[in-house]
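Chain by chain, the residues:
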Amino acid sequence: MKAPARPHRLGTHRVIEPAGATPQDAWRIDNTPVAAENEMLCEVDALNIDSASFRQLCETCGFDARRIGERILEIVAERGKQHNPVTGSGGMFVGRVIEVGEALRGKVDVAAGDRIASLVSLTLTPLHLQSVEEVDVATGRVRVYGKAILFESGLWARLPRDIDEGVALAVLDVAGAPAQVRRLCKPGQTVVVIGADGKSGLLSCAQAKARVGASGRVIGLVPDASTASAALLRSAGLVDELVVADARRALETSAAVEAVAPELADVVINCVNVAGTELATILCAKDGATVYFFSMSTSFTAAALGAEGVALDVTMIIGNGYTKGHAEVALQTLRDHPSLRAYFEEKYRCHPGPVKGTERKEKPL
Ligand code: NAP
């Protein structure tokens, strides 16, 4: 196979359609698993499918692991990347570097054989899948046998030695949230985290609690208080109050928050994986507050018109998946909270034994 010509640092040379698009907004990209001079080729062991995307896949495939795996193979075959056409979101991968393109050698601190996690979305990552080995419906982790390309501009992180790979994959997928929360929250503030019991919600609560200190308050909002993660929020002191509400019901949600914080919040963080929660999020904020939409299910229109409609002058931030130093902040948040780490290990740790795909002899592409 021939490597693609005229490589661009953003990977635009891989765009097939429409012409003029970038890899992220392209419908289809070239997933040929051969590294151009400024690309990195990786063997992929596992995908962490973005939560909004995985929920949509589960719902349309009846929570059937085999059908979800088939749908992932279909999407990747059609688009050259794991870019869910319904939610528009992707996820990230873990694997091993096979080849560092000639032009990158000596410029990037990585070599063939290193284990890494991608920190750019699968929505722009050329992905060639030979098989889906296992879909874990409980976590969105998908073990695969395949290859991926990272562009010169692509972000990645070396997998930490002290944290299980499955756990690192789960944490790094949502690394933007705790890093951004650390930046947004200040001592003495009241912070509401919606979807507090998911991956990004738990890490955000931990960071928010550390930042607001004893004079501030963190309120976690969950749809169900009987889960292990809701119990952890309380027992580990990650929240001061736990509120139960369905964030798709704006008035009920804001009333539940108002009952414990009549002054409402200085910062509201949205970490849910369902659509239709913009207004509830905005209504938890006091005038002048900051609202951070990390959720991929966020609609710009619903948020903008929702805030205008209730005459709230709030600063709304889109959850950029990248914040400087985000991978290290997220992993350190886990290290700093042993009970949070124990929870993540229980839920996301890799199954014992090697990934099946790496045991197999490679099939011809
Ligand atoms: P997660 O672990 O699945 O957590 C989502 C949480 O939202 C779950 O605890 C869920 O509770 C809760 N939730 C669902 N419906 C709710 C409702 N109606 N009211 C209140 N809470 C509700 O997801 P994650 O991995 O943390 O991701 C969270 C969001 O961030 C997703 O939308 C994901 O796509 C997005 N994301 C964004 C970026 C970015 O770069 N901005 C990167 C990665 C992920 P149950 O489990 O009980 O349903």
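Throughout what follows, the structure given in this document is the object of discussion. These figures come from a predicted structure and were not determined experimentally.

**Considerations on the packing of aromatic side chains**
One pair of aromatic rings is described through two measures. These are the centre distance and the angle between the planes.
Thinking step 1. Within this structure, the stated rule accounts for three aromatic pairs.
Thinking step 2. Relative to Phe294, the ring of Tyr292 lies with its centre 6.2 Å away and its plane at 35 degrees, an arrangement referred to as tilted. Accessibility classification places Tyr292 together with Phe294 in one group, the buried group.
Thinking step 3. Consider the rings of Phe344 and Tyr348, whose centres lie 5.3 Å apart with planes at 35 degrees: the pair is tilted. Remark: Tyr348 and Phe344 occur in helix H11 (residues 338–348); sequence separation between them is four residues, near one turn of the helix.
Thinking step 4. When its relative accessible area of 0% is taken as the criterion, Phe344 is described as buried.

**A short note on the site of the ligand**
Thinking step 1. Neighbouring the ligand are 25 residues, the closest being Asp50, Ser51, Asp197, Ser200 and Gly319.
Thinking step 2. Ser51 is positioned with one of its side-chain polar atoms (N or O) 2.7 Å from an oxygen atom of the ligand.
Thinking step 3. Within the side chain of Asp197, a nitrogen or oxygen atom sits 2.6 Å from an oxygen atom of the ligand.
Thinking step 4. Isolated, the ligand exposes 920 Å² of accessible area, and the fraction of that covered by the protein chains is 87%.
Thinking step 5. Elements with a minimum of two residues in the shell around the ligand: helix H1 (51–60) and helix H5 (199–212).
Thinking step 6. With three residues, H1 is the single largest residue contributor to the shell around the ligand.
Thinking step 7. Among the residues forming the shell around the ligand, the class breakdown is 10 nonpolar, eight polar and seven charged.

**What about helix H10 (residues 326–336)?**
Thinking step 1. All of the buried residues along H10 are His326, Ala327, Val329, Ala330, Leu331, Thr333 and Leu334.
Thinking step 2. Elements in contact with the buried residues of H10: strand S8 (156–158), helix H3 (165–173), helix H4 (176–184), H5 and H11.

**Describing the nonpolar core**
Thinking step 1. If you look at the biggest cluster of nonpolar residues, it comprises 50 residues, and the most contacted ones within it are Leu172, Val191, Leu233, Leu340 and Phe344.
Thinking step 2. Once residues within four sequence positions are removed from consideration, Phe344 is found in contact with Val167, Ala170, Val171, Lys199, Leu202, Leu203, Leu334 and Arg349.

**Examining the sheet that holds strand S11 (residues 241–244)**
Thinking step 1. As summarised here, the arrangement of the six strands in space is S11-S10-S9-S12-S13-S14, forming an open sheet in which the pairing is parallel. What marks the edges here is a single partner per strand, and that holds for S11 and strand S14 (315–318). Strand-to-strand twist of the sheet, defined as the mean angle between neighbouring strand axes without regard to direction, takes the value 20 degrees.

Analysis parameters
Residues numbered from 1 in each chain as written. Predicted model: local features only at pLDDT ≥ 70, side-chain atom pairs only at ≥ 80, totals over all residues. Heavy atoms only, no water. Phe/Tyr/Trp six-rings, centres within 6.5 Å; stacked < 30°, edge-to-face > 60°. Buried < 20%, exposed > 50% of the residue type's maximum accessible area, 1.4 Å probe, protein only. Helix = DSSP H or I, 4+ residues; strand = E, 2+ residues; numbered from the N terminus. Near = heavy atom within 4 Å. Polar contact = N/O pair within 3.5 Å; in protein donor to acceptor, adjacent residues only side chain to side chain. Areas by Shrake-Rupley, 256 points an atom, 1.4 Å probe, with all protein chains shown as cover. Nonpolar A, V, L, I, M, F, W, Y, C, P; charged D, E, K, R; others polar. Contact = heavy atoms within 4.5 Å. Core = buried A, V, L, I, M, F, W, Y, C linked by side-chain atoms within 4.5 Å. Pairing = 2+ DSSP bridges. Axes fitted to C-alpha atoms, helices over the stretch in contact; angles between N-to-C directions.

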